[in-house]
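Chain by chain, the residues:
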Amino acid sequence: MNALVELKSELRAISDLNAAAMVLEWDQNTYMPPGGADARGRQIALLSRLAHERRSAKRMGELLSELSAMADAESVDGALVRRALRDYQRATKVPAELMEAISNHGSVLYSAWAAARKANDFEAVRPLLEKNLELSKRYAEHFEVDHPIDAFVDEHDPGMTAASLKTLFSSLRADLVPIVEALLARPEPDRSFLDADYPEEKQLAFAAEVSAALGYDFQRGRQDLTHHPFMIRFSSGDVRITTRVDPRDFTDCLFGTIHETGHALYEQNIDRAFDGTPLGAGTSTGVHESQSRLWENLVGRSRPFWEHMYPKLQATFPEPLADVSLDDFHRAINTVERGLVRVDSDEVTYNLHVMLRFDLECAMLEGELAIRDLPEAWNARMEADLGTKPPTDTLGCLQDVHWYCIPIGGAFQGYTLGNLMSAQFFGAASKALPELDAQLAKGEVGPLRSWLTENIYRHGATYFPDELIQRTTGAALSPEPFLAYLRKKYGPLYDVEL
Ligand code: ZN
């Protein structure tokens with residue numbers, strides 16, 4: 001068998017093992033009864049180990065070295081070899097014992113965190129978190145990097161480093177903090193009508209209608225209920241989304257569904273010939289998040305989109321919304337708040353929450369911030385950026401699961417990268433589609449989706465993020481399009497010069 005054919009067959013087997021593990025994960029997070037937890041954890045771990053063994057196998061190394069000359073080729077197979085080589089190098093860098101120690105400690109830490117968060121008891125989880133930081137540092141030592149966080153960042157957002165992110169984020173933060181201050185100084189929009197009776201069944205039906213209208217293909221996907229919504233891909237023919245419902249607030253289900261639909265539109269529109277290869281996936285966490293945020297915020301919270309959708313929403317929920325004007329509704333779903341919780345925060349303050357986490361994890365990995373000082377550092381930064389101090393650690397440094405189940409580092413920057421990219425991609429799409437606003441106001445999302453498919457989705461992981469952004473927008477990633485978007489949208493909404 002020739003080496004390329006053998007490589008593709010190996011990659012398909014790895015992809016199938018991963019997909020099988022993901023079906024089990026999907027079930028675990030949707031329908032599995034609690035009693036299934038122990039056996040399910042074991043089953044997923046077994047499939048993950050089998051996939052890892054194949055990914056890091058000696059034969060994989062031989063095939064890739066035989067094919068290494070192809071890694072520079074400007075072809076699909078060239079891109080395939082580049083990705084496979086990268087995955088192999090990452091999979092073989094860290095000793096299996098250390099990976100196992102990290103994974104085992106992650107389970108212990110996760111349970112302790114869940115209890116500590118509930119009890120607002122950071123001290124209870126502190127020693128375990130200190131051990132996680134030690135393991136994270138040991139992991140990073142196996143990579144030749146300038147900063148320990150680069151070992152993690154590179155996995156999720158290839159091409160980015162601590163140095164490039166610090167530059168990007170500090171220029172974003174310098175402009176963002178004054179925008180937030182100016183908006184928070186204005187009167188708050190009336191949101192009282194959002195707190196009303198919104199029957200669950202109607203919410204789910206409306207969210208599914210919106211999802212389908214945006215182009216989510218229910219023949220190749222489905223939506224189910226879960227606690228923490230996510231999108232998951234088993235193959236190009238089966239890309240699923242999940243949601244949750246708060247009967248007193250329809251925005252959680254609706255915007256959550258649009259968010260996951262954005263992730264799914266990316267995955268459903270990747271060239272199907274890439275199935276079973278490393279190219280058959282989004283190219284990075286940041287680019288993936290750019291698509292969920294583009295559909296959720298730049299489309300889903302825009303005035304043109306609701307010109308078309310609002311009468312349908314009013315017809316679905318006549319009791320709370322019949323007397324609420326489109327303008328008032330649009331202001332209410334774009335409220336900027338001094339919030340404490342990242343996942344509940346609006347699109348303006350969201351990045352401040354993310355940059356806080358990124359800076360603190362850099363400081364922890366650098367040895368500049370001790371775990372025992374984490375709560376204080378967290379609270380001080382919240383006061384500096386958002387003018388509010390968490391009353392408890394549950395609402396502070398215990399709120400996110402990330403540091404308490406996987407190594408510390410690299411899990412947050414993708415959210416802000418995604419927000420920045422979403423505005424840059426949307427700007428390029430608007431230039432190519434001069435009628436975009438008018439189209440959205442008529443409910444025509446086809447032209448936008450086709451543009452995104454042509455320029456981003458169909459390529460899967462063929463291009464690394466920096467190359468994709470340059471090709472698609474004609475420029476390197478910059479905070480400017482995002483800042484310009486905020487100024488243009490929120491200045492008039494809050495009647496203030498930004
Ligand atoms: Zn997302």
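Residues numbered from 1 in each chain as written. Predicted model: local features only at pLDDT ≥ 70, side-chain atom pairs only at ≥ 80, totals over all residues. Heavy atoms only, no water.

Chemist: Tell me what's going on with the overall build of the chain, and back it up with residues and numbers.
Modeler: Counting its secondary structure elements, the chain contains 21 helices and three strands. For 498 residues, the compact-globule formula gives about 23 Å, and the C-alpha radius of gyration of the chain, at 23 Å, lands near that figure. With respect to the three principal axes, the spread of C-alpha positions in the chain is 65 × 50 × 50 Å. Buried positions account for 53% of the 498 residues belonging to the chain. Taking contacts inside the chain between residues at least 6 apart in sequence as the whole, the part at least 24 apart equals 73%. With an accessible surface of roughly 21600 Å², the chain has 50% of that area assigned to carbon and sulfur atoms. Taken together, the 51 basic and 75 acidic charged side chains of the chain have centroids lying 3 Å from each other. (Helix = DSSP H or I, 4+ residues; strand = E, 2+ residues; numbered from the N terminus. Rg over C-alpha atoms; globule rule 2.2 N^0.38 Å. Buried < 20%, exposed > 50% of the residue type's maximum accessible area, 1.4 Å probe, protein only. Contact = heavy atoms within 4.5 Å. Areas by Shrake-Rupley, 256 points an atom, 1.4 Å probe, with all protein chains shown as cover. Lys, Arg positive; Asp, Glu negative; His and termini not counted. Charge placed at Lys NZ, Arg CZ, Asp CG, Glu CD.)

Chemist: A description of the packing of helix H17 (residues 413-432) against helix H20 (residues 465-473) should follow, citing residues and the corresponding values.
Modeler: With their axes 9 Å apart at the nearest point, H17 and H20 run at an angle of 30 degrees to one another. The orientation of H17 with respect to H20, classified from their angle, is roughly parallel. From H17, Met421, Gln424, Phe425 and Ala428 reach across to H20, where they touch Leu468, Ile469, Thr472 and Thr473. Residues of the contact of H17 with H20, tallied by class, amount to five nonpolar, three polar and no charged. (Axes fitted to C-alpha atoms, helices over the stretch in contact; angles between N-to-C directions. Parallel < 35°, antiparallel > 145°, perpendicular 65-115°, else oblique. Nonpolar A, V, L, I, M, F, W, Y, C, P; charged D, E, K, R; others polar.)

Chemist: Summarise the coordination of the zinc ion; cite the residues concerned and give the values.
Modeler: Looking at the metal site, the zinc ion is ligated by His259 (NE2), His263 (NE2) and Glu289 (OE), spaced 2.1 to 2.3 Å from it. Of note, the donors binding the zinc ion are all from one chain and are spaced H-x3-H-x25-E. One end of the pair, His263, is in helix H10 (residues 250-268); the other, Glu289, is in helix H11 (residues 285-299), with 26 residues separating them in the sequence. With respect to class, His263 is no different from Glu289; both count as buried. (Donors = N, O, S within 2.8 Å, 3.2 Å for Na, K, Ca; no water.)

Chemist: Tell me about the domain arrangement of the chain, residues and numbers included.
Modeler: When its domains are assigned, the chain resolves into domain 1 (3-121) and domain 2 (162-494). Spacing between the C-alpha centres of domain 1 and domain 2 amounts to 27 Å. Across the domain 1 to domain 2 interface the summed buried area is about 2500 Å²; carbon plus sulfur atoms make up 65%. Area buried by domain 1 at its contact with domain 2 is led by Trp26, Arg83 and Trp113, which between them contribute 29% of it. At the junction of domain 1 with domain 2, the criterion picks out zero salt bridges. Along the contact surface separating domain 1 from domain 2 lie 13 residue pairs in polar contact (both at pLDDT 80 or more). (Domains from an automatic or database assignment. Buried area = accessible area lost by both parts, 1.4 Å probe. Salt bridge = Lys/Arg side-chain N within 4 Å of Asp/Glu carboxyl O. Polar contact = N/O pair within 3.5 Å; in protein donor to acceptor, adjacent residues only side chain to side chain.)

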